[in-house]
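# Structural features, examined
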Amino acid sequence: MAQLNQMPEPMRSHLAKLPCPSFNDQPWVSGQSLSHRRVALISTAGLQRRGDRPFEGMAGDYRVIPGDIKARDLVMTHVSTNFDRTGFQRDWNVVFPLDRLQELATESIIGSVAAYHYSFMGATDPSEMEPAARNLAELLKGDRVDAVLLVPV
Amino acid sequence: MGALAHYLEHEGLPTTQISLIREHTETIQPPRALWVPFELGRPLGGPGNPALQRRVLLAALELLDAPEGPLLVDFPEEIPEETAGPDKDLEGWSCPVSFTRQTSQENDLEKLQSAFRREVAELRPWYDLNLEKSGRTAVVEFGPESASEFLGAFGTGEQPVIQKADLSLATAIRLAAQDLKAFYFEAATARPGLASPSSGEFNEWFWQESAAGRILKAVKERCLKEEDESLKMNGTLFLVPVDQA
């Protein structure tokens, strides 16, 4: 149960101290109906292709995950040791629901699945991710993505 | 997570997200968020439960059809029961090995390291069988013997050689520790006739009963005493969970 007031110490205090920015505005972009959208996944689980650079320190960079990647080729190098990894080990869809997303596209519940997905490493201060995230927006538009599902860990 | 939604939406991309810590999402106020009552590390719910994963995914995506926001919606289902694999008979979880019993009266780090090696050797065939069967492993950089020799040496005061030239010592230690835990989990869950452990059961065994857990705590203590800031950060944050320290 990931509500701070129901977590035992010391985890509650640890999570309460994590950087958590507030924003003065509330951006909102509308779009076509879900059945016509092209959807990309962006994870903050520190996911990468096997053989790609592992995540290090608190850098705000991201890794590219091709849409045809297989579960055996996707690994996790997030720096934190304070979340469960055994769910991901047993079933990658617990963290990166690409199989489920493809099923929704096959059933025409969504329009299509992006050619590329991405992962940041969520222990990073969010402000460190901002430049990379804004650049990433152009890559997503180039892939004709008009819906992004952000998945934490 | 919510900050990324702000950045992308500012650039003209509609976003929706899963939220694991409701209080953080309430502060950040991303455009659209679905809060789920699952443990950290499992944003889509349970492994081997595609029906639940689909319901979570759909609930998050359907927020994109809402006319206005910001939205923070609660997923209506509770934490799922663990789902065992098709070849498991749900007899429950038990510790695969417990060499620490043999060394529980010892303070000698060398004897601990010896127990650690035996533990790794006993688990190795189960890891191999699991890999052969599933075709997948979460081990990234360090094989079991490489990780155990490297961490065992560092934890017992030696200065081990880093086999990966492109990794700093701090990164190598962190990745080796992660790989070691991945190896232990995959080996432990490959044994026949037993249900997979919950995350809590696995953590209890690994951190409280295995020699590997004791070695990693020794590695943490040494990191905390090092001058290097990256090693200190390893010791403070990246090796032992805050609820197992």
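The next subject is helix 6 (residues 144-155) of chain B. Residues and elements named next belong to chain B. Spanning 12 residues, helix 6 covers 16 Å between terminal C-alpha atoms, matching the ideal 16 Å at 1.5 Å per step. Judged by how many residues are buried, helix 6 sits mostly within the fold: 9 of 12 residues are covered. Taken together, the buried positions of helix 6 are occupied by Pro144, Ala147, Ser148, Glu149, Phe150, Leu151, Gly152, Phe154 and Gly155. Of the surrounding secondary structure, the elements contacted by the buried residues of helix 6 are helix 5 (109-134), helix 7 (169-188) and helix 9 (211-225). Gly157, located one to two residues past helix 6, shows a positive phi value of around 95°.

Before going further, it helps to spend a moment on the domain arrangement of chain B. Per the domain assignment, the segments making up chain B are domain 1 (2-74) and domain 2 (100-238). Its C-alpha centre places domain 1 of chain B at a distance of 34 Å from the equivalent point of domain 2 of chain B.

All names here are of chain A. In terms of burial, strand 7 (residues 147-151) is a largely internal element, 5 of the 5 residues being buried. With burial as the criterion, each face of strand 7 is covered, one bearing Ala147, Leu149 and Val151 and the other bearing Val148 and Leu150. Relative to strand 7, strand 1 (residues 38-43) runs parallel, the two being bridged by 5 bridges. Pairing of Ser43 across the sheet is with Val151, part of strand 7.

Attention now goes to the packing of helix 7 of chain B against helix 10 (residues 229-238) of chain B. All names here are of chain B. Put simply, helix 7 and helix 10 touch, their axes get as near as 8 Å, and they point 25° apart. By the angle class used here, helix 7 and helix 10 are roughly parallel. You can see that helix 7 and helix 10 cross each other, and the crossing is right-handed. Along its contact with helix 7, which presents Leu169, Ala170, Ile173 and Arg174, the element helix 10 presents Ser230, Leu231, Asn234 and Phe238. Its residues assigned to classes, the contact of helix 7 with helix 10 comprises 5 nonpolar, 2 polar and 1 charged.

Basis of the calculations
Residues numbered from 1 in each chain as written. Chains lettered and ligands numbered in written order. Predicted model: local features only at pLDDT ≥ 70, side-chain atom pairs only at ≥ 80, totals over all residues. Helix = DSSP H or I, 4+ residues; strand = E, 2+ residues; numbered from the N terminus. Expected span 1.5 Å × (residues − 1). Buried ≥ 20, exposed ≤ 12 C-beta atoms within 10 Å, placed from the backbone. Contact = placed C-beta atoms within 7 Å. Domains from an automatic or database assignment. Pairing = 2+ DSSP bridges. Axes fitted to C-alpha atoms, helices over the stretch in contact; angles between N-to-C directions. Parallel < 35°, antiparallel > 145°, perpendicular 65-115°, else oblique. Left-handed = near helix turned anticlockwise from the far one by under 90°. Nonpolar A, V, L, I, M, F, W, Y, C, P; charged D, E, K, R; others polar.

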